[in-house]
Structure formats: structure tokens, C-alpha cells
Amino acid sequence: DAGVIQSPRHEVTEMGQEVTLRCKPISGHNSLFWYRQTMMRGLELLIYFNNNVPIDDSGMPEDRFSAKMPNASFSTLKIQPSEPRDSAVYFCASTSWREGTDTQYFGPGTRLTVL
Amino acid sequence: GESVGLHLPTLSVQEGDNSIINCAYSNSASDYFIWYKQESGKGPQFIIDIRSNMDKRQGQRVTVLLNKTVKHLSLQIAATQPGDSAVYFCAENINSGGGADGLTFGKGTHLIIQP
């Protein structure tokens, strides 16, 4: 089992640039989550999808953030334009709630630095 | 809003001793709780979970206790090993019954195993 795959692992960009983070959930999982981790705020839920449909995006900081899930095996989180305060580690997680479990499995994260 | 919080940010124990990490939650509607372990540079790793209809659950060297009366969750690690050094997070969610839901994470406790 390859686990949740995220790319890139590290991203350094300049303020104002567009950033796209990518996630491949565990095969067969039907729910996907995007979290952000910072020292100040800890781990925060940004948005999640069930069966490729966005369910709750109330955690998305502002309109600069957008997420898509065009199919069951791929999701993107886009920041446009990026700002220094977006610097954080972004995690993707997936689960299969059909199996009656809520256990979410996390990817290795993307460390984003906005200069 | 309601949130999950931890009592101690850092816990230092001698190798071989038992450790207890505590977590207080404030959302009485939460019915599912998870402990995650996060090592430096990695994503959160699932350790053990418990549903609100239980008050204790055991795994390999780990035990989770849930006290719904005082909204308290604890993680006990027996015979700690150097590899147990990490940040431990508790997380909670509410099973809405309509699919998976996002997790609310505590701030984390840094467990340090002294040789």
C-alpha cells in the first residue's frame, strides 16, 4: 500500500505567485481532507470531499485558496496569489467511511515557504 | 468555537517507564476520538481510536481512556522506547452519519524519552 501521496514535498515561491499542491489518496478511499499545520495554529482542517464532492470548505482561509477533486484518485489545493502568511505544512488525508471507520491516513505533507 | 486542548506541551520520561498524555475536549457532541503520533518531518500517524460508547481501548503498548463525564481523553504508552519520542495529538469528530467528517485537533504534546 503506497499510502497517501503528496507532491511536491517542498515548495519555495515568491509572494504573488500561484502555488498548486497535489494529493493522491489511498486507492479505494472515498473521502479526502486537506489540513494545514503551523506552529501558531496547529493542525487545521481546510476542506474535505466525500465521493469527490466538496462537503465543507469553511476552513479555507480566504478566496485565494481553492481545492478541486476531479476524480477519486486526485486532488489539488491551489493558492493564488500566495502570501508569506501561507507558509505552512499542508497535509492531505484520506479515509473510507463506507467501511464504518473514520480513521484518516495522512500523507507526508508539503512544506510551503512563501518569501 | 469549541476546541480540543492539551494540558501539557512537553512530557519527558525515562526509557522503559510508562507515559500518560492527556487531552481535554469541549465539544460534548463529539463521538469519535483518535490519537496521532507525528515525528519530525512526517505526517501524523494513526495510533489508536475510541468511540464514545467505550471508555477504554487497548492496542500494542498503548491504551486510550475516555471519560465523557469530564470530557477527558488520555493516551497511555507502556514501556516507552526511544522511537516513541514524537508529538502526540488527540483529535475528535462528530459522526454525522452522512459520511466522513473533518477532524478537530488538539495543540499536541511533545513526548521526550530520556535514555
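Residues numbered from 1 in each chain as written. Chains lettered and ligands numbered in written order. Predicted model: local features only at pLDDT ≥ 70, side-chain atom pairs only at ≥ 80, totals over all residues. Heavy atoms only, no water.

### Remarks on the overall build of chain B
Scanning chain B from N- to C-terminus turns up 0 helices and 11 strands. Helices (α) and strands (β) of chain B occur, in sequence order from the N terminus, as β-β-β-β-β-β-β-β-β-β-β. Going through the 115 residues of chain B one by one, you find that 43% of them count as buried. In chain B, the proportion of contacts linking residues at least 24 apart, taken out of those at least 6 apart, comes to 54%. In the structure as shown, chain B presents an accessible area of about 5500 Å², 47% of it carried by carbon and sulfur atoms. (Helix = DSSP H or I, 4+ residues; strand = E, 2+ residues; numbered from the N terminus. Buried < 20%, exposed > 50% of the residue type's maximum accessible area, 1.4 Å probe, protein only. Contact = heavy atoms within 4.5 Å. Areas by Shrake-Rupley, 256 points an atom, 1.4 Å probe, with all protein chains shown as cover.)

### Structural notes on the pairing of strand 4 (residues 32-38) of chain B
Residues and elements named next belong to chain B. In terms of burial, strand 4 is a largely internal element, 7 of the 7 residues being buried. Residues Tyr32, Ile34, Tyr36 and Gln38 of strand 4 are buried on one face, and the alternating residues Phe33, Trp35 and Lys37, pointing to the opposite face, are buried as well. Bridge count for strand 4 against strand 5 (residues 45-51) is 6 bridges, and the pairing is antiparallel. The residue bridging Tyr36 from the neighbouring strand is Phe46, located in strand 5. Bridge analysis of strand 4 against strand 9 (residues 86-93) gives 7 bridges, and the strand direction is antiparallel. Counted as the bridge partner of Tyr32 is Asn93 from strand 9. (Pairing = 2+ DSSP bridges.)

### Overview of the nonpolar core
Core analysis: the largest hydrophobic core is formed by 21 residues, its most contacted members being Trp34, Leu77 and Tyr90 of chain A. When residues of this core are traced back to their parent elements, those giving at least two are strand 3 (19-24), strand 4 (31-38), strand 5 (42-50), strand 7 (65-71), strand 8 (74-79), strand 9 (88-95) and strand 11 (110-114) of chain A. One finds Ile21, Ile50, Val64 and Ala86 of chain B within the second-largest nonpolar core, a separate group that totals 20 residues. (Core = buried A, V, L, I, M, F, W, Y, C linked by side-chain atoms within 4.5 Å.)

### Some remarks on the pairing of strand 9 of chain B
Residues and elements named next belong to chain B. Of all 8 residues making up strand 9, 7 are buried, and the element is well covered by its neighbours. Judged from the 3 bridges that link them, strand 9 and strand 11 (residues 109-114) form a sheet pairing that is antiparallel. Bridge pairing in strand 11 links Val87 to His110. Bridging between strand 9 and strand 10 (residues 104-105) involves 2 bridges; their strand directions are antiparallel. Its bridge partner lying in strand 10, Glu92 is registered against Thr104.

### Structural notes on the side chain of Glu44 of chain A
Residues and elements named next belong to chain A. Among the secondary structure elements, Glu44 is positioned in strand 5. According to the relative accessible area criterion, Glu44 is buried, its value standing at 16%. For Glu44, the side chain forms a polar contact with the side chain of Arg41, separated by 2.6 Å. Not counting the four nearest positions on each side in its chain, Glu44 is found in contact with Trp34, Tyr35 and Arg36. (Polar contact = N/O pair within 3.5 Å; in protein donor to acceptor, adjacent residues only side chain to side chain.)

### Regarding the interface of chain B and chain A
Contacts between the two partners involve 21 residues from chain B, matched on the other side by 20 residues from chain A. Between chain B and chain A, the buried area comes to about 1600 Å², and carbon and sulfur atoms account for 53% of it. It is Pro44, Ala100 and Phe105 of chain B in chain B that bury the most area against chain A; as a group they hold 29% of the surface buried on that side. In this structure, the connection of chain B to chain A is made through 0 salt bridges. On inspection of chain B and its partner chain A, the count reaches 7 residue pairs in polar contact (both at pLDDT 80 or more). Counting residues per element, the ones that place at least two in the side of chain B that touches chain A are strand 4, strand 5 and strand 9 of chain B. Of the residues assigned to the side of chain B that touches chain A, the class counts are 9 nonpolar, 8 polar and 4 charged. (Buried area = accessible area lost by both parts, 1.4 Å probe. Salt bridge = Lys/Arg side-chain N within 4 Å of Asp/Glu carboxyl O. Nonpolar A, V, L, I, M, F, W, Y, C, P; charged D, E, K, R; others polar.)

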